Amino acid sequence: QVYLVESGGGSVQAGESLRLSCRTSGINFKIHRMNWYRQAAGKQRDLVATISSDGSTNYTDSVKGRFTISRDNARNTVYLQMNTLKPEDTAVYYCKTNILGRTYWGQGTQVTVSS
C-alpha cells in the first residue's frame with residue numbers, strides 16, 4: 001500500500017513561517033521525484049515545488065526565494081519550508097508522486113495566512 005501523509009499546516013499571520021512534511025510509505029522513496037502542489041478555494045491545483053531523486057529542485061515563480069523543498073531519504077519524507085508567508089499562499093497543500101505512470105496524492109494540509 002502506498003501512503004503519502006502531509007502535516008504541519010496551520011493558521012499564521014503574514015510574514016511568518018511554516019514547515020510542511022510529507023511522510024511516505026510503501027514506495028522506494030529515494031528513486032522518485034517528489035512534488036508539492038497547492039489548491040486555493042475555488043481554484044485549480046497548481047505545482048509549487050519539485051525535488052528530483054538527486055536533489056535538484058524547481059519552484060514556481062511566486063514562491064522563489066521564500067520556499068525551500070528538501071528530502072530526507074532516511075526518513076522517506078519530503079519537506080516544504082515556507083518563509084515570509086503571504087495571504088495569497090493560503091491553500092490546501094498536497095504532496096504528490098508518480099510511480100509507473102500512476103499518480104499518488106496525500107490527503108492535504110491546510111495553510112491559512114492572514115494579514
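Note: the structure precedes this text.
Overview of the structure. In this text, all values refer to a predicted model and were calculated from it rather than measured experimentally.

1. Focus: the overall build of the chain
Stage number 1. Scanning the chain from terminus to terminus reveals zero helices and 11 strands.
Stage number 2. Ordered by position in the sequence, the α and β elements of the chain form the string β-β-β-β-β-β-β-β-β-β-β.
Stage number 3. Since a compact globule built from 115 residues should have a radius of gyration of about 13 Å, the 13 Å found for the chain is in line with a globular shape.
Stage number 4. Dimensions of the chain, computed from the C-alpha atoms along their principal axes, are close to 40 × 25 × 20 Å.
Stage number 5. Counting the 115 residues in the chain, one finds 41% classified as buried.
Stage number 6. Sequence separation of at least 24 residues holds for 53% of the intrachain contacts in the chain that already meet a minimum separation of 6.

2. Focus: the environment of threonine 24
Stage number 1. For threonine 24, the location among the structural elements is in strand E3 (residues 18–25).
Stage number 2. As a C-alpha pair, threonine 24 and glycine 106 span 82 residues in sequence and 8.9 Å in three-dimensional space.
Stage number 3. Setting aside its immediate chain neighbours within four residues, threonine 24 contacts Tyr3, Leu4, Phe29, Met34 and Asn76.
Stage number 4. A distance of 2.9 Å separates a polar atom in the side chain of threonine 24 from the backbone oxygen of asparagine 76.

3. Focus: the packing of aromatic side chains
Stage number 1. Counted by the stated rule, this structure contains two aromatic pairs.
Stage number 2. Ring centres of tyrosine 37 and tryptophan 105 lie 5.1 Å apart, and the angle between their planes is 70 degrees; this geometry places the pair in the edge-to-face category. Placement of the pair is tyrosine 37 in strand E4 (residues 34–39) and tryptophan 105 in strand E10 (residues 102–105), with a sequence separation of 68 residues.
Stage number 3. Tryptophan 105 sits in the partly exposed class, given a relative accessible area of 35%.
Stage number 4. Clustering of aromatic rings is evident, with ring pairs tying together Tyr37, Tyr94 and Trp105.
Stage number 5. Above the plane of the ring of tyrosine 94 lies arginine 45, whose end atom (NZ or CZ) is 3.6 Å from the centre.
Stage number 6. The ring of phenylalanine 29 carries arginine 71 above its face, with NZ or CZ at 4.5 Å from the centroid.

4. Focus on the sheet that holds E3
Pairing between the strands of a sheet comes from backbone hydrogen bonds, and it takes one of two forms, parallel or antiparallel.
Stage number 1. If you trace the four strands from one edge of the open sheet to the other, you get E1-E3-E8-E7, paired in antiparallel fashion. Two strands lie at the open edges of the sheet, namely strand E1 (3–7) and strand E7 (67–72), each paired on one side alone. For this sheet, the mean inter-axis angle between neighbouring strands, taken without regard to orientation, is 15 degrees.
Stage number 2. Relative to strand E8 (residues 77–82), E7 runs antiparallel, the two being bridged by six bridges. Within the sheet, the bridge partner assigned to aspartate 72 lies in E8 and is threonine 77.

Conventions adopted
Residues numbered from 1 in each chain as written. Predicted model: local features only at pLDDT ≥ 70, side-chain atom pairs only at ≥ 80, totals over all residues. Heavy atoms only, no water. Helix = DSSP H or I, 4+ residues; strand = E, 2+ residues; numbered from the N terminus. Rg over C-alpha atoms; globule rule 2.2 N^0.38 Å. Buried < 20%, exposed > 50% of the residue type's maximum accessible area, 1.4 Å probe, protein only. Contact = heavy atoms within 4.5 Å. Polar contact = N/O pair within 3.5 Å; in protein donor to acceptor, adjacent residues only side chain to side chain. Phe/Tyr/Trp six-rings, centres within 6.5 Å; stacked < 30°, edge-to-face > 60°. Lys NZ or Arg CZ within 6 Å of the ring centre and 35° of its normal. Pairing = 2+ DSSP bridges. Axes fitted to C-alpha atoms, helices over the stretch in contact; angles between N-to-C directions.

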